[in-house]
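So the chains spell out like this:
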Amino acid sequence: SGALLEGTQVKDVIIKPDAPSTLLLEKHADYIAAYGSKKDDYEYTLSEYLRMSGIYWGLTVMDLMGQLPRMNQQEIIDFIKACQHECGGISASIGHDPHLLYTLSAVQILCLYDSIDAIDVDKVVEYVKGLQQEDGSFAGDKWGEIDTRFSFCAVATLALLGKMDTINVDKAVEFVLSCMNFDGGFGCRPGSESHAGQIYCCTGFLSLTGQLHQLNADLLGWWLCERQLPSGGLNGRPEKLPDVCYSWWVLASLKIIGRIRWIDKDKLRKFILACQDEETGGFADRPGDMVDPFHTLFGVAGLSLLGDEQIKPVNPVLCMPEDVLQRIGLQPDLLS
Amino acid sequence: MAESEEEVDVLVQRVVKDIANAFKKNPSIDEIGVILCPEARYNRSPIVLVENKLGVESWCVKFLLPYVHNKLLLYRQRKHWLDREALVDITCTLLLLNPDFTTAWNVRKELLQCGVLNPEKDLYLGKLALTKFPKSPETWIHRRWVLQQVLNQVSTLDHNKNQQQAEAVQADAERNEQLSDRLARTLRQEMKVCSDAAGRYPSNYNAWSHRIWVLQHMARGNVKVLHDELSSMRVWVSMHVSDHSGFHYRQFLLKELIAEICKRPAHTSTSCSPQRGCSTVPEGSPCPHSCSHSNGEPSGQEAGGEEDSHADFTTVLQLFHQEMDLCSDLIQSFPGHETLWSHRRHVFYLWDQWVREHQHSCSRGSDCKLIHLTDPDPGVPEISSQSCAGQGHGVNGQKHASEPMEVDGLFLPDPHNSKRLKRGVLLPCPPTLPTELSFVSSVLGGCCNTEQRHFALAYRKWLDTVIGLQS
Ligand SMILES: [Zn+2]
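Residues numbered from 1 in each chain as written. Chains lettered and ligands numbered in written order. Predicted model: local features only at pLDDT ≥ 70, side-chain atom pairs only at ≥ 80, totals over all residues. Heavy atoms only, no water.

Under an unreviewed UniProt entry, chain B has the name Protein prenyltransferase alpha subunit repeat containing 1 and belongs to Oreochromis niloticus. Its UniProt record gives chain B the following Sequence similarities (unreviewed entry) comment, quoted word for word: "Belongs to the protein prenyltransferase subunit alpha family." (UniProt positions renumbered as here; feature names shortened; annotations may be inferred.)

An unreviewed UniProt entry annotates chain A as Geranylgeranyl transferase type-2 subunit beta of Oreochromis niloticus. We quote the UniProt Catalytic activity (unreviewed entry) comment for chain A here in full: "geranylgeranyl diphosphate + L-cysteinyl-[protein] = S-geranylgeranyl-L-cysteinyl-[protein] + diphosphate".

Undergrad: Would you mind showing me how to read the overall build of chain A here?
TA: Regarding its fold elements, chain A presents 15 helices and two strands. For 336 residues, the compact-globule estimate of 2.2 N^0.38 gives 20 Å, and the C-alpha radius of gyration of chain A, at 19 Å, lies within 12% of that figure. The proportion of buried residues among the 336 residues of chain A is 64%. Taking contacts inside chain A between residues at least 6 apart in sequence as the whole, the part at least 24 apart equals 68%. For chain A, the accessible surface area stands at approximately 12800 Å², while carbon and sulfur atoms represent 50% of it. For chain A, the distance from the average site of its 28 positive side-chain charges to the average site of its 46 negative ones is 2 Å. (Helix = DSSP H or I, 4+ residues; strand = E, 2+ residues; numbered from the N terminus. Rg over C-alpha atoms; globule rule 2.2 N^0.38 Å. Buried < 20%, exposed > 50% of the residue type's maximum accessible area, 1.4 Å probe, protein only. Contact = heavy atoms within 4.5 Å. Areas by Shrake-Rupley, 256 points an atom, 1.4 Å probe, with all protein chains shown as cover. Lys, Arg positive; Asp, Glu negative; His and termini not counted. Charge placed at Lys NZ, Arg CZ, Asp CG, Glu CD.)

Undergrad: Hey, could you run me through the overall build of chain B in this one?
TA: The helix and strand tally for chain B stands at 15 helices and five strands. Looking at chain B as a whole, 54% of its 471 residues are labelled buried. Of the contacts made within chain B by residues no fewer than 6 positions apart, 66% connect residues no fewer than 24 positions apart. When the accessible surface of chain B is split by element, carbon and sulfur atoms take 52% of a total near 21000 Å².

Undergrad: I'm lost on the interface of chain B and chain A in this one. Help?
TA: With 52 residues of chain B in contact, the opposing surface of chain A contributes 37 residues. With both chains or domains summed, chain B and chain A bury close to 4000 Å², and 55% of this area falls on carbon and sulfur atoms. The partner of Arg227 of chain A in a salt bridge is Glu338 of chain B, and the shortest N-O contact between them spans 3.5 Å. Summed over the shared surface of chain B and chain A, the result is 24 residue pairs in polar contact (both at pLDDT 80 or more). Elements with a minimum of two residues in the side of chain B that touches chain A: α2 (58-76), α4 (102-113), α6 (137-163), α8 (205-218), α10 (244-263), α12 (338-363) and α15 (450-467) of chain B. Among the elements that line the side of chain B that touches chain A, the one with the most residues is α2 of chain B, at seven residues. For the side of chain B that touches chain A, the class distribution of residues is 21 nonpolar, 21 polar and 10 charged. (Buried area = accessible area lost by both parts, 1.4 Å probe. Salt bridge = Lys/Arg side-chain N within 4 Å of Asp/Glu carboxyl O. Polar contact = N/O pair within 3.5 Å; in protein donor to acceptor, adjacent residues only side chain to side chain. Nonpolar A, V, L, I, M, F, W, Y, C, P; charged D, E, K, R; others polar.)

Given below as structure tokens:
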């Protein structure tokens, strides 16, 4: 039967003895630096709808590796300016529609470059404020989709701009808490399944709004620790494969709620290192898969949270270098 | 072949037209895909229609996608004019190749708002995109927006109807019927789209959270729909024992059903559930499945009046009992599945919460004559406790005997055991902390599957800490 077949389904990976076990920093920096130059690529067209986030992933990982000067700052800032719309929101790329996801990415990039004044900040604040709904939730754009991810995007953007007081924070908190489940986790909307990516957004949200005490940290920590598989990698939900990006979301959430010691750090480090491509540079979701900038950022950021000293310390809430946040005077709460 | 810019232009425009014509020629296309074909064949369109499947030959995708992509972006920047028909065709091709291109869906939202497209057409395009990209977040997001438009239309009509009370009652009833027919059809279709996408990709978060959204917005408070969903999902989860999202959906249904049962008039004074807004769908109207409860789910429609709280207790108890039974069966038949153990936690937690809440309302002196939830074991309703004493769970996949529980004055059929006593029927024993611990022991006693043991031990630890520490 189908169920019997599913019983034999592979739910973890086996790390081969010859998998990479040291951090190949130069290779990763070369990979990211070269990535943006293949603009005629078919794949590049296919992913243009999330370009702004792609740039944030690339620049953040370069900064964490101390390689930010290799990227073309002026070109990127001009691009961001061209993506800000009349309404104040920022789009993924030129000609695309504005959205909270890309508004946050753009603000994060400008913080990395200490150039927030390149855009009309007041209009960004108006845009974010305008997306809050009566129940406290946030729509991702003017079309009204609701998701706890957008609650995170909204408060993260405003926190970086120092404008948190422009929205109804109490209502926003109320909505996020209404998405909490019996296992201590969070889903995208009330009643939805707990999911590591959504949990990251919601714990990050509660950190930025000073409401971490509302969490059941032990219960949530328990669920998060159960994401670790024998390979050392973490998955995002029960019976899913381990993945470098979920490893980051789970690890960062554990860091925020002060329970990072509950997982086996050495095994996780081995898993993340095994996801590197020794030839091309970059990290994949799992050992042996194709690399991309997204998993490269979360691989490097994960190793930073695990204490790798070759990488700059990363902030678990905003996934940005700690020195950048120090510069703008932002210190999101963490539980101890 | 076509490599010069003009040649690509001509080629691509022809292909976009071919796709549009394929849909006109065959409105029942139900799947899309890319046909592996690295070389172009002259004088033949790369668009292939086989039965109801629309295929695009792979060689042309690398020309087609950048072309339609750039055309749309130039239009969006007001650098290139496209008429409405061209916009419809271009966004259709674009979204079938790259359904997460948010802006293309937004263009269609605008076309829908000005009446160039209708909701059904866009729901259909989304459905096709999901056959190839079952997770595509933007496709699901667009679907919710379109459904919201349908709901708004219906409630606007409803509102107008209320304002013009002078109109003939007959016309009102007819229109009302048409509306609920449309909603029922749409609801049925959404469930099908969700099932298909769930079948194409395991633990499809977007498909299942969409399904929850649909119930919350299109069938809020509709006990019949909730029951039918629970029934039809029973078979599905039994065949997808690793699908955590499918099981979460069952948990959601259970929770909603219990809340609805407790919300009925006899219970207005209890603290059972927060009151919610009415269903958008007229009570009892959409009926996506047949009305039978052939899978053994109890019916939510019990007699009203004095015996309501007894009947409600029975219904809730049966729901939980059957869910725990199903879960035990699956755990024993398919050892080592984290999903099943996680389901057990959730269902037991829901039951435990329900008992605690009712214990509370009973102690305030409402009409729970029958169910005395007293110490020393607050988790066990004191109902003929001696008849529960002997119960235990079988070992090695053997189904445990569901020992009956005797309840006075109740005449409700128990699908598992319809043997009737003089004074009443046999009801299943409620799950309790001790019965759960004994289930764990029975699993541990007869099992050498390491994963199964691991999950059983984790469940015991969870029972001890999360449930045990609450009492
Ligand atoms: Zn990933």
